[in-house]
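Coordinates in review
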Amino acid sequence: MVYTIDGRAFPKVPSTCEHTVTQVVTKASRTVGKGALLNKELLAEKEKINCTWLYMTAREYAQLRQMGAGKNFFKLNYYDATTMTKKTKEFYGSDITATELNGLDRNDIPQGYQTVKWSFIER
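Quick summary incoming for the structure in this document. (Residues numbered from 1 in each chain as written. Predicted model: local features only at pLDDT ≥ 70, side-chain atom pairs only at ≥ 80, totals over all residues. Heavy atoms only, no water.)

**With respect to the overall build of the protein**
Secondary structure summary: the protein contains 1 helix and 7 strands in total. Listing the helices and strands of the protein from first to last along the sequence gives β-β-β-α-β-β-β-β. In summary, the protein has a C-alpha radius of gyration of 19 Å against a globular reference of 14 Å for 123 residues, an excess of more than 25%. Projecting the C-alpha coordinates of the protein onto the three principal axes gives extents of approximately 70 × 30 × 25 Å. Of all 123 residues assigned to the protein, the portion counted as buried reaches 26%. In the protein, the share of contacts with a sequence separation of at least 24, taken over all contacts with a separation of at least 6, comes to 60%. Where the 18 positive side-chain charges of the protein centre and where its 13 negative ones centre are 5 Å apart. (Helix = DSSP H or I, 4+ residues; strand = E, 2+ residues; numbered from the N terminus. Rg over C-alpha atoms; globule rule 2.2 N^0.38 Å. Buried < 20%, exposed > 50% of the residue type's maximum accessible area, 1.4 Å probe, protein only. Contact = heavy atoms within 4.5 Å. Lys, Arg positive; Asp, Glu negative; His and termini not counted. Charge placed at Lys NZ, Arg CZ, Asp CG, Glu CD.)

Written out as structure tokens, the structure reads:
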């Protein structure tokens with residue numbers, strides 16, 4: 001769960017937040033044959049948090065877009081399952097994707113968006 005981004009709450013709580021821990025390695029190799037061994041040099045472990053909203057209004061989506069506009073990095077306050085505590089770390093964001101629902105309101109504004117996705121990768 002992501003609680004805040006740069007100290008501000010999302011306009012709507014994400015429907016899901018998927019956490020991934022990726023190992024950054026070098027000099028990886030595997031021996032061949034019975035009892036094959038993997039050798040690697042671990043450089044770092046990076047967290048990735050994929051946030052998804054199943055539905056957002058046009059206003060909520062605009063607010064979400066504004067949160068990421070012109071920024072390279074973000075301070076995320078999130079739940080860390082390893083330590084079972086809230087943590088704040090620096091992340092960078094992926095592209096924001098959304099599927100616009102068919103139909104416009106009386107002001108020609110989209111009625112809303114579904115399957116909005118924004119991922120954050122530890123710096």
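Structure's up, so let's keep going.
**Observations regarding the pairing of strand β7 (residues 113-122)**
Of all 10 residues in β7, 7 are buried; the element is thus mostly enclosed. Summarising the sheet, strand β3 (residues 38-56) and β7 pair through 8 bridges and their orientation is antiparallel. Residue pairing across strands places Ile 49 opposite Phe 120, the latter belonging to β7. (Pairing = 2+ DSSP bridges.)

**Some words on the pattern of salt bridges**
A complete count under the given rule lists 6 salt bridges for this structure. Close ionic contact of Glu 47 with Lys 89 constitutes a salt bridge, the shortest N to O distance being 3.1 Å. Here Glu 47 is found in strand β3, whereas its partner Lys 89 is found in strand β5 (residues 85-93), with 42 residues between them in sequence. The exposure class assigned to Glu 47 is buried, which follows from its relative accessible area of 11%. Here the salt bridges share partners, and the residues they tie into one network are Glu 47, Lys 89 and Glu 122. (Salt bridge = Lys/Arg side-chain N within 4 Å of Asp/Glu carboxyl O.)

**Observations regarding the packing of aromatic side chains**
With the rule as written, the count across this model stands at 8 aromatic pairs. Judged by centre distance (6.4 Å) and plane angle (35 degrees), the ring pair of Phe 10 and Phe 120 falls under tilted. Highlighted residues: Phe 10 in the loop between β1 (2-5) and β2 (16-30) and Phe 120 in strand β7, separated in sequence by 110 residues. The class for Phe 10 is buried, based on a relative accessible area of 9%. On the accessibility criterion, Phe 120 (0% relative accessible area) is buried. The structure contains a cluster of three or more aromatic residues connected by ring pairs, namely Phe 10, Trp 53, Phe 74, Trp 118 and Phe 120. Directly above the ring of Tyr 3 sits Lys 86, whose terminal nitrogen or CZ lies 4.4 Å from the centroid. Above the face of the Phe 73 ring, Arg 123 is positioned so that its terminal group lies 3.6 Å from the ring centre. (Phe/Tyr/Trp six-rings, centres within 6.5 Å; stacked < 30°, edge-to-face > 60°. Lys NZ or Arg CZ within 6 Å of the ring centre and 35° of its normal.)

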